[in-house]
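Descriptive analysis of the structure
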Amino acid sequence: MAPLRWNLIVCSLLSLLISAFLDNLRGPLLPYFSRVLNRPYGEISWILSLGNFAAVVTNLSMIPLVARWGTIRVAMGSWIIALATLALAFQVSSFPALLVLSLFLGAVISAMGAACNLLMILGTDPLHRARGFTGLHVMYGLGSFVAPLWVAATLEHTSSWHHVFWPPLIGLALWIVLLSRSDDGTYQPKLAARPLSIDPGIFLLLFTMATYVMGEVTASAWLSAYLVEFRHLTIPEGTPYLTGIFLSMMVTRFLCSLRLSSESEVTILVISLLGSILFFCLGMSGWTWAFSLAGVFGPFFPILLARSSRRYGEHSERLTLWILTATQVGLCVSQFGMGRLTDKFGIGFSFWLSPLLLVTAGMSLVLYLRDEAMHGSSA
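Quick caveat: nothing in here was measured; it's all calculated off a predicted structure.

**Regarding empty space enclosed by the protein**
Empty space among the atoms becomes apparent when a probe as large as a water molecule is rolled across them. Applying the stated criterion across every chain, the model contains 2 cavities of 30 Å³ or more. Counting residues per element, the ones that place at least two in the lining of the largest cavity are helix 1 (6-23), helix 2 (26-36), helix 4 (46-69), helix 6 (95-123), helix 7 (129-157), helix 9 (200-229), helix 10 (235-258) and helix 13 (316-345). Sort the elements by how many residues they give to the lining of the largest cavity and helix 6 lands first, with 6 residues. Taken together, the residues of the lining of the largest cavity break down into 16 nonpolar, 15 polar and 4 charged. In this structure, the second largest cavity spans a volume of roughly 90 Å³. Lining the second largest cavity are Leu-25, Arg-26, Leu-29, Phe-33, Ile-47, Leu-98, Leu-101, Ser-102, Leu-105, Trp-161 and Phe-165. Among the secondary structure elements, those contributing two or more residues to the lining of the second largest cavity are helix 2 and helix 6. Examining the composition of the lining of the second largest cavity, we find that 4 residues originate from one element, helix 6, more than from any other.

Next comes the structure, spelled out in structure tokens:
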């Protein structure tokens, strides 16, 4: 069994930390932009939808790029482009320019997010991969937890929203050096030459992942708007509930990274999803504190990603990029839909879309696990 490649694992962790931080800066800024720019949420939602569209194109482009240049060089390129994007973000001063920035941010967030998953596959063996992925996605929880706190502090103490970009800008500059030292030509991945046969299991996997991520991201991206517009809290007052989601997400992933057996994976998948749906329903029924615990869905994505990696073996890198592409397609639809539903029916109605998507993901998961049990490995 191949040894763990710790340099790639560390680069993977850092890449997702910065990607998650950037990703979750946007949601808390939605009510701020809506008020400052005096635009309805249907228009403001384009900030998210355009980023998701760019992410789809980016993920599709990653397949030939990784096949030709390798994961490490593609990751390095994405970090350099991200650094340039953040430097230019300080010049944005109008809504059209903000939309252009959203396109570039969506692309670099997606590229770094894809690269970190591929680096983790490259740096771990199948035995340690589930724990590796849950540990990796602790970084998503950490970055997501810190981002809204930073937004609230920035808007409270400065007059410019641009300052939210300083931490990732500095982090990118520092860690590009670390990643550059990891490319010694030894770990160049080769995407499987043999085509991956499309079977019902793959469709079910893609649909399950997409609907889950749609539920997770619409919840985190629109919770601030829900609390501000429907519960009439200020952005600083609503921030603890959003950070609570990311804290519970981070803690549950961290616990799974410490101890996780293959026999317990299905149980954790089911419990994490049912628990999250329960807490979301409690929160929307008036128990606002329950939103903070809805992040117990944390282990779902990394555990299911690790299971699919084991099942499809040599095709795991290509399948991972397909999964990330499917989730971004879903997010394009869900973020645009949330904006339109909010304008027409109000955020109090449209926010129910998040738990509904998680219920759909749970139903699809049952079908996928049945297919997995019947057909096993397709490698």
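What follows continues from the structure just given.
**Some details on the packing of helix 1 against helix 6**
Contact geometry of helix 1 with helix 6 gives a least axis separation of 8 Å together with a crossing angle of 155°. Between helix 1 and helix 6, the angle is such that the two are roughly antiparallel. For the pair helix 1 and helix 6, the crossing hand works out as left-handed. Of the residues in helix 6, those in contact with Leu-8, Ile-9, Cys-11, Ser-12, Leu-13, Ser-15, Leu-16, Ile-18, Ser-19, Leu-22 and Asp-23 of helix 1 are Leu-105, Ile-109, Met-112, Gly-113, Cys-116, Leu-119, Met-120, Leu-122 and Gly-123. Residues that form the contact of helix 1 with helix 6 fall into these classes: 14 nonpolar, 5 polar and 1 charged.

**With respect to the packing of aromatic side chains**
If you walk through the whole model with that rule in mind, you get 16 aromatic pairs. Here Trp-46 and Phe-336 contribute two aromatic rings whose centre-to-centre distance is 5.4 Å and whose plane-to-plane angle is 65°, an arrangement assigned as edge-to-face. Here the residue Trp-46 occupies a position in helix 4, and Phe-336 occupies one in helix 13, the gap between them amounting to 290 residues. Among the residues examined, Phe-336 registers a relative accessible area of 30% and is labelled partly exposed. For the pair Trp-287 and Trp-289, a centre-to-centre distance of 6.3 Å together with 80° between the ring planes defines the contact as edge-to-face. A network of ring pairs unites the aromatic residues Tyr-212, Tyr-226, Phe-230, Phe-280, Phe-291, Phe-297, Phe-300 and Phe-351 as a single cluster.

**Re the pattern of salt bridges**
When their charged atoms lie close together, side chains carrying opposite charge are able to pair. Taken as a whole and assessed by the stated rule, the structure comprises 7 salt bridges. One salt bridge connects Arg-26 with Asp-23, and the closest N-O pair in it is separated by 2.2 Å. Classification of Arg-26 by relative accessible area gives buried; the value is 10%. One salt bridge connects Glu-265 with Arg-307, and the closest N-O pair in it is separated by 2.8 Å. Of this pair, Glu-265 sits in helix 11 (residues 265-284) while Arg-307 sits in helix 12 (residues 300-312), and the two are 42 residues apart along the sequence. On the basis of relative accessible area, Glu-265 is assigned to the buried category, the value being 1%. Connected through shared salt-bridge partners, Glu-265, Arg-307, Arg-310 and Glu-372 make up one network.

**Considering a nonpolar patch on the surface**
On the surface, Phe-53, Val-57, Val-100, Leu-103 and Phe-104 cluster together into a nonpolar patch covering about 440 Å² of accessible area. Mapped onto the nonpolar patch, the elements with two or more residues apiece are helix 4 and helix 6. With 3 residues, helix 6 is the single largest residue contributor to the nonpolar patch. Within the secondary structure, Phe-104 sits in helix 6.

**Digging into the packing of helix 9 against helix 13**
It is the contact of helix 9 with helix 13, at a shortest axis distance of 8 Å, that shows an interaxial angle of 45°. Considered as vectors, helix 9 and helix 13 are oriented oblique to each other. Note on packing geometry: the crossing formed by helix 9 with helix 13 is right-handed. Along the contact surface, helix 9 presents Ile-202, Leu-205, Leu-206, Met-209, Ala-210, Val-213, Met-214, Val-217, Thr-218, Ala-221 and Trp-222, while helix 13 presents Leu-319, Trp-322, Ile-323, Ala-326, Thr-327, Gly-330, Leu-331, Ser-334, Gln-335, Met-338, Gly-339 and Thr-342. Residue composition of the contact of helix 9 with helix 13, by class: 16 nonpolar, 7 polar and no charged.

**Observations regarding helix 4**
Look at helix 4: 32 Å from first C-alpha to last across 24 residues, which is about the 34 Å you get at 1.5 Å a residue. Along helix 4, the largest kink reaches about 30° and is centred on Met-62; proline Pro-64 follows within four residues of it. With its phi angle positive at about 90°, Gly-70 sits one or two positions after the end of helix 4.

**Focus: unusual backbone geometry**
Its identity is not glycine, yet Asn-38 carries a phi of approximately 55°, on the positive side. Structurally, Asn-38 can be placed in the loop between helix 2 and helix 3 (41-44). Accessibility expressed as a relative area gives 69% for Asn-38, which makes it exposed. You will see that His-232, though not glycine, has its phi angle at about 60°, which is positive. Residue placement: His-232 occurs in the loop between helix 9 and helix 10.

Conventions adopted
- Residues numbered from 1 in each chain as written.
- Predicted model: local features only at pLDDT ≥ 70, side-chain atom pairs only at ≥ 80, totals over all residues.
- Heavy atoms only, no water.
- 1 Å grid on protein atoms, 1.4 Å probe; cavity = no way out; pocket = protein on both sides within 12 Å on 5 of 7 lines; lining within 4 Å.
- Points joined across faces, edges and corners; volume = space filled by probe spheres on them.
- Helix = DSSP H or I, 4+ residues; strand = E, 2+ residues; numbered from the N terminus.
- Nonpolar A, V, L, I, M, F, W, Y, C, P; charged D, E, K, R; others polar.
- Axes fitted to C-alpha atoms, helices over the stretch in contact; angles between N-to-C directions.
- Parallel < 35°, antiparallel > 145°, perpendicular 65-115°, else oblique.
- Left-handed = near helix turned anticlockwise from the far one by under 90°.
- Contact = heavy atoms within 4.5 Å.
- Phe/Tyr/Trp six-rings, centres within 6.5 Å; stacked < 30°, edge-to-face > 60°.
- Buried < 20%, exposed > 50% of the residue type's maximum accessible area, 1.4 Å probe, protein only.
- Salt bridge = Lys/Arg side-chain N within 4 Å of Asp/Glu carboxyl O.
- Patch = residues over 30% accessible without salt bridge, like charges linked within 9 Å, V, L, I, M, F, W, Y side chains within 5 Å.
- Areas by Shrake-Rupley, 256 points an atom, 1.4 Å probe, with all protein chains shown as cover.
- Expected span 1.5 Å × (residues − 1).
- Bend = angle between axes of the 7 residues up to and from the residue.

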